[in-house]
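Fold and geometry: a report
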Amino acid sequence: MNNKIEELFNTIENTKEYIEYNEIKELLINDEEIMNLIKEIKQLQKKATHEEASHQTIYHETDKLIQEKINNLNSYSLYHEFITKKENLNDILAFVTNTINKYLEDIINKTN
């Protein structure tokens, strides 16, 4: 069974979508400007969460700043392409997951 699971993983890793996702991910990781922007957004999101949890109304301003940074991030074609490739890969993984789940449900229902 482990061999079959490994075969499935190898098949996924050899798909055009997986290969393209990894290529674009590598380019993204090596783009310092984009990575710094992502890091800033994550830090601001943590700050906004803390501000909101402690009932500070300033979180609205932080949320506006986050949205500005996200809009800036979305203006990078490399980031946009990364998101597209990630969504394509996720669609394939969801299809595989659903197919496996349906197969297992069919097996379970046959035994009942």
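In the block above lies the structure referred to throughout.
A short tour of the structure in this document, coming up. This structure is a prediction, so every number in the text was calculated from the model and none was measured.

Let's talk about the environment of Gln56
Structurally, the position occupied by Gln56 is in the loop between α3 (32-53) and α4 (59-74). Overall, the relative accessible area of 35% leaves Gln56 in the partly exposed class. Each C-alpha atom, one on Gln56 and one on Asn90, is 37 Å from the other, the two residues being 34 residues apart in sequence.

Looking at the layout of surface pockets
Of the pockets and cavities examined, the largest pocket occupies roughly 220 Å³. Every residue along the wall of the largest pocket is listed here: Met1, Lys4, Ile5, Leu8, Ile100, Tyr103 and Leu104. Of all the elements in the fold, those that place two or more residues in the lining of the largest pocket are α1 (2-13) and α5 (77-111). When the residues that make up the lining of the largest pocket are grouped by side-chain class, the tally is six nonpolar, no polar and one charged.

With respect to the pattern of salt bridges
Under the defined criterion, the tally for this structure stands at six salt bridges. As a salt-bridge pair, Lys4 and Glu7 come within 3.8 Å of each other at their nearest N and O atoms. Here Lys4 pairs with Glu7, and both are found in helix α1, just three residues apart, close to one helical turn. A salt bridge links Glu61 to Lys64; the nearest nitrogen and oxygen atoms lie 3.7 Å apart. Placement of the pair is Glu61 and Lys64 together in helix α4, with a separation of three residues, close to one helical turn.

Notes on the packing of aromatic side chains
For any two aromatic rings, the description comes down to two numbers: the centre-to-centre distance and the angle of the planes. Applying the stated rule across the entire model yields two aromatic pairs. Taking the centre distance of 6.4 Å and the plane angle of 35 degrees together, the rings of Tyr79 and Phe82 count as tilted. Of this pair, Tyr79 and Phe82 both sit in helix α5, separated by three residues, roughly a single helical turn. One aromatic cluster in this structure is built from Tyr21, Tyr79 and Phe82.

Some thoughts on a nonpolar patch on the surface
Where nonpolar side chains cluster on the molecular surface, the patch consists of Leu8, Ile100, Tyr103, Leu104 and Ile107 and spans about 440 Å² of accessible area. Counting residues per element, the nonpolar patch draws most heavily on α5, which supplies four residues. Tracing the chain through its elements places Ile107 in helix α5.

Reading guide: rules and limits
- Residues numbered from 1 in each chain as written.
- Predicted model: local features only at pLDDT ≥ 70, side-chain atom pairs only at ≥ 80, totals over all residues.
- Heavy atoms only, no water.
- Helix = DSSP H or I, 4+ residues; strand = E, 2+ residues; numbered from the N terminus.
- Buried < 20%, exposed > 50% of the residue type's maximum accessible area, 1.4 Å probe, protein only.
- 1 Å grid on protein atoms, 1.4 Å probe; cavity = no way out; pocket = protein on both sides within 12 Å on 5 of 7 lines; lining within 4 Å.
- Points joined across faces, edges and corners; volume = space filled by probe spheres on them.
- Nonpolar A, V, L, I, M, F, W, Y, C, P; charged D, E, K, R; others polar.
- Salt bridge = Lys/Arg side-chain N within 4 Å of Asp/Glu carboxyl O.
- Phe/Tyr/Trp six-rings, centres within 6.5 Å; stacked < 30°, edge-to-face > 60°.
- Patch = residues over 30% accessible without salt bridge, like charges linked within 9 Å, V, L, I, M, F, W, Y side chains within 5 Å.
- Areas by Shrake-Rupley, 256 points an atom, 1.4 Å probe, with all protein chains shown as cover.

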